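# Topology and contacts: notes
Below are the chains, spelled out letter by letter.
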Number of protein chains: 4
Amino acid sequence: MSGCPYFEKRHLLFKNKPPTTDEDEDVSQAGVNKASKGGIIYGDYLQLDKIVTAQVLQSELKGNKIHDEHLFIVTHQAYELWFKQILFELDSVREIFISGHVRDERNMLKVNTRIHRIVMILRLLVDQFAVLETMTALDFFDFREYLSPASGFQSLQFRVLENKIGVPDNLRVPYNRRHYRDNFKGHDSETLLATEREPTLLKLVEEWLERTPGLEVDGFNFWERLEINIFDGLNQEKEKIEKMPDSEDKEEMMAELVKQKELFTSLFDEKRHDHLLSKGERRLSYKALQGALMIYFYREEPRFQVPFQLLTSLMDIDTLMTKWRYNHVCMVHRMIGSKAGTGGSSGYHYLRSTVSDRYKVFVDLFNLATFLVPRHWVPKLNPNVHTFLYMAECCDSSYCSSEDSD
Amino acid sequence: MSGCPYFEKRHLLFKNKPPTTDEDEDVSQAGVNKASKGGIIYGDYLQLDKIVTAQVLQSELKGNKIHDEHLFIVTHQAYELWFKQILFELDSVREIFISGHVRDERNMLKVNTRIHRIVMILRLLVDQFAVLETMTALDFFDFREYLSPASGFQSLQFRVLENKIGVPDNLRVPYNRRHYRDNFKGHDSETLLATEREPTLLKLVEEWLERTPGLEVDGFNFWERLEINIFDGLNQEKEKIEKMPDSEDKEEMMAELVKQKELFTSLFDEKRHDHLLSKGERRLSYKALQGALMIYFYREEPRFQVPFQLLTSLMDIDTLMTKWRYNHVCMVHRMIGSKAGTGGSSGYHYLRSTVSDRYKVFVDLFNLATFLVPRHWVPKLNPNVHTFLYMAECCDSSYCSSEDSD
Amino acid sequence: MSGCPYFEKRHLLFKNKPPTTDEDEDVSQAGVNKASKGGIIYGDYLQLDKIVTAQVLQSELKGNKIHDEHLFIVTHQAYELWFKQILFELDSVREIFISGHVRDERNMLKVNTRIHRIVMILRLLVDQFAVLETMTALDFFDFREYLSPASGFQSLQFRVLENKIGVPDNLRVPYNRRHYRDNFKGHDSETLLATEREPTLLKLVEEWLERTPGLEVDGFNFWERLEINIFDGLNQEKEKIEKMPDSEDKEEMMAELVKQKELFTSLFDEKRHDHLLSKGERRLSYKALQGALMIYFYREEPRFQVPFQLLTSLMDIDTLMTKWRYNHVCMVHRMIGSKAGTGGSSGYHYLRSTVSDRYKVFVDLFNLATFLVPRHWVPKLNPNVHTFLYMAECCDSSYCSSEDSD
Amino acid sequence: MSGCPYFEKRHLLFKNKPPTTDEDEDVSQAGVNKASKGGIIYGDYLQLDKIVTAQVLQSELKGNKIHDEHLFIVTHQAYELWFKQILFELDSVREIFISGHVRDERNMLKVNTRIHRIVMILRLLVDQFAVLETMTALDFFDFREYLSPASGFQSLQFRVLENKIGVPDNLRVPYNRRHYRDNFKGHDSETLLATEREPTLLKLVEEWLERTPGLEVDGFNFWERLEINIFDGLNQEKEKIEKMPDSEDKEEMMAELVKQKELFTSLFDEKRHDHLLSKGERRLSYKALQGALMIYFYREEPRFQVPFQLLTSLMDIDTLMTKWRYNHVCMVHRMIGSKAGTGGSSGYHYLRSTVSDRYKVFVDLFNLATFLVPRHWVPKLNPNVHTFLYMAECCDSSYCSSEDSD
């Protein structure tokens, strides 16, 4: 960045590494550091020799340089650059979960910050379409033939991203009747397979939600208390309605009550949950769903404030991924039309089909909105539980040191 | 882009190149094209092997990997990628002006579209700070020392961009009392010097404005007519005011009138203009200023509609460059503080000083707002002039073919 | 706006109205103007007494004030305020078309600027969801019951907007099996009916496209020339392919050629067009479609530059309306879930169904991307035609004066 | 909003108010609710009769309707609508602080969420300039005279907002040599005076920071420990440098060390702090500054995670207010020019002067970036302190009930 004093020489004195006992070494390093006075410069640091020389126009190679191909390349490179960053953040978050460091609640700030950063990047990527939209269908047509058979479908990073978040193989829309992985060759195909087998963000969040303090059956037992409260509440409503004089209103209210009862009966029906799970209509385990709802209801408890923000950010990711897909669809419509009635595969229609709740990994967090209840139906935390909620789990020294070592 | 059907194989039949007489060659090419069936794929096309492997953390090299340095690198790389694109558009526009192709008014669409594209990219770059702002001062502090002495001041592309638009050497704020070019070594320094000597966008626009049809002294003579109308108008106002009974109001109006007269007298004073020009307070020649004002007043004439859009976009570029600078300042303040009272160079204060009208290349286009007059003071186009304004300049075949050859 | 010197007293001397012969009147008006020295102030000008007092919380009225209802109200009011502005711009553009003023090409700048302004407002409205998204499903649940039975479906301005752009009655998705107009009472319902009968933007643009110079059968006859060129081109391709030795490639190329031929045959088949028109799959008349394609191909001709921008902006409007709908869907999903399996009407699913190409008014402009051809297939303008394209239509005085009188 | 199912009738059964003992009352209310079946509708709820009828063009009243004035009015009304919302959030946050409810840490989620909402609104308002920028200087000139003497400087809400955040009277830039309050009449002027006397957000945050757990001199005593660690650290650096062989490097490092020592000496100098405070260069008390730095260093402690987010959001508000001011300046430059050299008050130059750190209320939070130190210099929390940091303050029942009653 221009004149950015970030980079200014400063605080060479400060070493972030803990001081070693061997002081001489430290001094010599300082010396080396100084020696490289003209040392690393901006362009080398950012490897600009790679970045800004990677724009080779196929149209130019084929002897018919088309101006707008440059924009096309740079835009896609910018997308890939940001995908790289998203994957970097995502991997670091997954690592915190996998290693169990998330049990030290101090690491929740990191998790939250990084997930939020992914949100901010996705927001930028959604806006970024406005730049590519300065190219018209006619400009695109001029160089389109030269791209064949390269296809954006081949973006490895995007597929990896989907896999790591938790888009499952079996919910993907096939592309030209082919499995998505068949669009990738040897090494890339293996990479994809590997990411399908790693724990997804969804899976890791699920495990974390299952451990939500307060779910313990021999403890606060949130789920049972909630069930009791809800059905007590509904029954009281029913009694009130029954006392009303007969009227159309009364009938409607009773009908509505019946619906509510069905709805909540379904919530507490584990078998039904597992059935929906098997169909891909739910994605979180029954226990994790309970944890999520508990965090929703007690979001103001200090210990749940940051977890609640995390759940919100996870929905943001889903929403933004889907907005990205939709903006992509809109641009494709503009660039190549819908080709309605022409037969043959339609990229436009394929893409449209991916703007679907099937691709929403955290769809359960959205759908929990269906199961909200009045505040006074939510089980009260007794003073003990209250205290317990504040208590951090023990943090041994091995955990603590972990916070610097990602 | 994921699943982007842009890239789909299609229309292989269509050759944008005019058909050659040697048909066999064409067929064989088609064959070759088919042969490379697995041909160019997405990752190779975008040279992702370069793009997504160019993130080397200095902190990691020094044995103390700091997570957030990755974001720092990627963000700066994204900036440089877009700077590359802006320069590509800017160079193509400058080339249209330099080659004289702008005289074929068909090329105005290209000029306008590309300048507008620069505007859209700059808008994205201003928004892009929101991503880097997810890094706090504390995160930055952890790896800041490793960057020394790399400095964003060393962004060659940004300096080239400033030069090519038209930020002049002598209006630049010195950085630590050093000439800006002294921050660059050998080849880069020469590149900068070269760009200072090339025709800037400002210069090229100036020449184009000087040719605005209607300025000819032996023709419509816009400038003389305007001067006459304005002073006639002011004199009529004066007479009206003089007829009013004495009052505080009358005095105020008369005082205001005197100011207006001074203001417009200064507008028509070529010597004063040249004086302001020499001080850097104006940047366009006297004649070009007339052209710009003419385009302002007659912007609805078909021939001036696109030129008027162009002037507006040039102001957009200035505004967005300056907003970029300001957003940069805001982030630096957050990252390193103002270091008030600590002595030593302050990057923050340097950057603040560049958020200045000295860096607004098209400042005259803004300041023309001071010289607007009521519509009925604007000289009427007589039917002849009207016709003449619609007439395109002759476009010979060499020009016409130019439209495909940028 | 704070300290905004826009409002500053200045140029009281300048009267935009042409000077009257009765000078005394003018002076006295100036006097009156001065008399109102403390005259109109900011808050009165903007009628802030209405604007900032219009936030009445239903939850508060019902004795249970919920903080977030205020945001809900203000956000919706901001939407309605901007809908008002969009309608104001839209009406003015429609008026220019209806009155025939668009035949004076000077008015194209106005048309273009105002349509572009609608685009910029819609862009803001899409972003505006980010503010309402700071409210969670749980916050919303707290006051949701108090809103019944008010429904966003009842936004009169939004329905009027859809009607005036050109969403036709018969392509609308029914809401709970009811006609959309049945959600509105007496006067509002009549307003809607009236707007359905007024000329829509689509209709007006269609008429304008039908007049595209160059379509005349006894003149340049673009459509016939294009048809000839395309089929000549395809035949040449066919011959080349036939000369190739037999191979899989050859077969594929031939198959693709057949598809292309079918595609273009359909383009020139007026009956098929009318059939698609009757089904709502096309929306522009056959002649207007020709005009649009002509503007596409000759967009660099000075006379077509601004029309081409207009077509692009019309697609922007469609795209942004549809993005607005989709962002709306995303928020609703978050706020109330999908209520899958609960029975009863699902607002979420209704809204999803409106994110459809059925609601894209200018869908034909998108789909024309299917019918692009190589530049050398586009009929050449001969020098005469070239000249004719530059020629403006005669502009009599009544037209010219129109430019000030909207 | 169109078709927004938010508003849908649903869950009438759910009463958020705790159930009363008098069941009959509850049932009757439900009845009333049903009775108003056609009850409140969208337009009435939002008081659209006020909102969308409040656009009266002065130019039209004066007999010369200028189209673009409508945009001017609507834009300003949208700003004022959002200012209202910002003030609503700000007041609710201030109330939580003033009432002491912030001591119940459960309320921190509310504080944080609402401050973040202000951030999101300000972000929208910064973007909103893009809409008004579709109006050119020439369009504005056509109706500008009619606005006199209304001035954006007269936006009461904006001044109230500045006051409530904490822009102090004595740091304001005078406007035309007049006190800012003199631009307001009677009642408005009193409102402003009143807001100057109420506790500002700055003041309330200051008090809260002063209570940061860990600052207690008889407890963890963060400040003393930090001072010891820093100077120990600096001394160790000094010793190392002294052992180096003489060289230019050594001299530079020693010079840098001296600067650092001065810098940190100034940090721990309470008198110097108070001096800077009196000059307006610092705005937080010495104790509050300590609290802020403590939150910075221990931001990962569960108890400090949300407070750290809050400090970040407060900087966001400052940054966005200042970006808003700067964008405003940019637009004014475009609309009326800088009027350089014309004499008379310059709105442009006044506005520029308000884009100043004097208007940054939380400037200290930015400048703390100057005082960061390596992680191993930060005093370690011993296990006891660790525990203590997790402990919530006792929350009695009166507090707890408060969370529903804002």
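An unreviewed UniProt entry lists chain A under the name Tryptophan 2,3-dioxygenase, from Collichthys lucidus. What the UniProt record of chain A gives under Pathway (unreviewed entry) is the line "Amino-acid degradation; L-tryptophan degradation via kynurenine pathway; L-kynurenine from L-tryptophan: step 1/2." On record in UniProt, under Catalytic activity (unreviewed entry), the comment for chain A is "L-tryptophan + O2 = N-formyl-L-kynurenine".

### Section: the packing of aromatic side chains
This model, assessed by the stated rule, comprises 82 aromatic pairs over all chains. For the ring pair W223 of chain A and Y286 of chain A, a centre distance of 5.8 Å and an interplane angle of 85 degrees mean the geometry is edge-to-face. Of this pair, W223 of chain A sits in helix α12 (residues 222–243) while Y286 of chain A is found in helix α15 (residues 286–297), placing the two residues 63 residues apart along the sequence. Ring geometry for Y79 of chain C and F129 of chain C: centres 5.5 Å apart, planes at 45 degrees, overall tilted. Pair noted here: Y79 of chain C is in helix α5 (residues 69–98) and F129 of chain C is in helix α6 (residues 107–132), with a separation of 50 residues, a long-range link. Both residues of the pair, Y79 of chain C and F129 of chain C, count as buried. Linked through ring pairs, F220, F222, W223, F231, F268, Y286, F297 and Y298 of chain A together constitute an aromatic cluster.

### Here we look at the pattern of salt bridges
Residues and elements named next belong to chain A. Under the definition given, this model contains 92 salt bridges over all chains. Salt-bridge contacts for R159 lead to E162; the nearest nitrogen and oxygen are separated by 2.9 Å. Here R159 pairs with E162, and both are found in helix α9 (residues 156–165), just three residues apart, close to one helical turn. An identical accessibility class is assigned to R159 and E162; each is buried. By sharing partners, the salt bridges in this structure join D91, R94, K164 and E198 into a single network.

### Describing the relation of the copies chain A and chain C
Between chain A and chain C, which share one sequence, the superposing operator has a rotation angle of 180 degrees and an axial displacement of 0.0 Å; the RMSD is 0.1 Å. Here the transformation between the copies is reduced to the relation of a two-fold axis. Here 100% of the interface residues in chain A have copies in chain C that are interface residues too; the copies meet face to matching face.

### Here we look at the packing of helix α7 (residues 137–144) of chain C against helix α15 (residues 302–336) of chain C
All names here are of chain C. The interhelical angle for the contact between α7 and α15, taken along N-to-C directions, is 75 degrees, at an axis separation of 8 Å. Classified by the interaxial angle, the pair formed by α7 and α15 is roughly perpendicular. Residues A137, F140 and R144 of α7 touch α15, and the partners they reach there are R334, M335 and I336. Of the residues assigned to the contact of α7 with α15, the class counts are four nonpolar, no polar and two charged.

### Points about the packing of helix α14 (residues 286–297) of chain B against helix α15 (residues 302–336) of chain B
Two numbers describe a pair of packed helices, the interaxial angle and the distance between the axes. All names here are of chain B. Between α14 and α15, the least distance of the axes is 9 Å, while the angle of their chain directions is 115 degrees. Here α14 and α15 pass one another in a crossing that is left-handed. Packed against α14, whose contacting residues are A292, M294, I295 and Y296, the element α15 presents F304, P307, F308, L311 and M315 at the interface. In terms of residue class, the contact of α14 with α15 is made up of nine nonpolar, no polar and no charged.

### A closer look at the environment of T354 of chain D
Residues and elements named next belong to chain D. Examined against the element boundaries, T354 turns out to sit in helix α17 (residues 347–354). On a C-alpha basis, the gap between T354 and K259 in space is 32 Å, while along the polypeptide they are 95 residues apart. Residue contacts for T354: discarding those within four places in its chain leaves V173, R325 and Y359. Within the structure, T354 has its side chain in polar contact with the backbone oxygen of L351 (distance 2.7 Å).

### Focus on the side chain of T200 of chain B
Positionally, T200 of chain B belongs in the loop between α9 (186–197) and α10 (201–210). The buried category is assigned to T200 of chain B, whose relative accessible area is 15%.

### A look at the interface of chain A and chain C
Taken residue by residue, the interface counts 47 residues in chain A and 47 residues in chain C. Summing the contributions of chain A and of chain C, the shared interface buries around 4,000 Å²; its carbon and sulfur component is 54%. Sorting the residues of chain A by area buried against chain C places L138, Y326 and R334 of chain A first, and these three jointly supply 17% of that buried surface. In this structure, the connection of chain A to chain C is made through ten salt bridges. Ionic pairing is found between D139 of chain A and R299 of chain C, a salt bridge with its closest N-O pair at 3.8 Å. Joining chain A to chain C, the criterion identifies 19 residue pairs in polar contact (both at pLDDT 80 or more). Put simply, the parts of the chain that give the side of chain A that touches chain C at least two residues each are α8 (137–144), α13 (248–267), α15, α16 (302–336), α17 (347–354) and α18 (363–367) of chain A. No other element matches α16 of chain A, which puts 14 residues into the side of chain A that touches chain C. Taken together, the residues that form the side of chain A that touches chain C break down as 20 nonpolar, 13 polar and 14 charged.

### Here's the deal with a negative patch on the surface
The grouping of D127 of chain A, D127 of chain B, D127 of chain C together with D127 of chain D at the surface amounts to a negative patch. With respect to the secondary-structure elements, D127 of chain B resides in helix α6 (residues 107–132). Judged by relative accessible area, D127 of chain B falls into the partly exposed class, the value being 32%.

Analysis parameters
Residues numbered from 1 in each chain as written. Chains lettered and ligands numbered in written order. Predicted model: local features only at pLDDT ≥ 70, side-chain atom pairs only at ≥ 80, totals over all residues. Heavy atoms only, no water. UniProt positions renumbered as here; feature names shortened; annotations may be inferred. Phe/Tyr/Trp six-rings, centres within 6.5 Å; stacked < 30°, edge-to-face > 60°. Helix = DSSP H or I, 4+ residues; strand = E, 2+ residues; numbered from the N terminus. Buried < 20%, exposed > 50% of the residue type's maximum accessible area, 1.4 Å probe, protein only. Salt bridge = Lys/Arg side-chain N within 4 Å of Asp/Glu carboxyl O. Least-squares fit on C-alpha atoms with pLDDT ≥ 70 in both. Contact = heavy atoms within 4.5 Å. Axes fitted to C-alpha atoms, helices over the stretch in contact; angles between N-to-C directions. Parallel < 35°, antiparallel > 145°, perpendicular 65-115°, else oblique. Nonpolar A, V, L, I, M, F, W, Y, C, P; charged D, E, K, R; others polar. Left-handed = near helix turned anticlockwise from the far one by under 90°. Polar contact = N/O pair within 3.5 Å; in protein donor to acceptor, adjacent residues only side chain to side chain. Buried area = accessible area lost by both parts, 1.4 Å probe. Patch = residues over 30% accessible without salt bridge, like charges linked within 9 Å, V, L, I, M, F, W, Y side chains within 5 Å. Areas by Shrake-Rupley, 256 points an atom, 1.4 Å probe, with all protein chains shown as cover. Lys, Arg positive; Asp, Glu negative; His and termini not counted. Charge placed at Lys NZ, Arg CZ, Asp CG, Glu CD.

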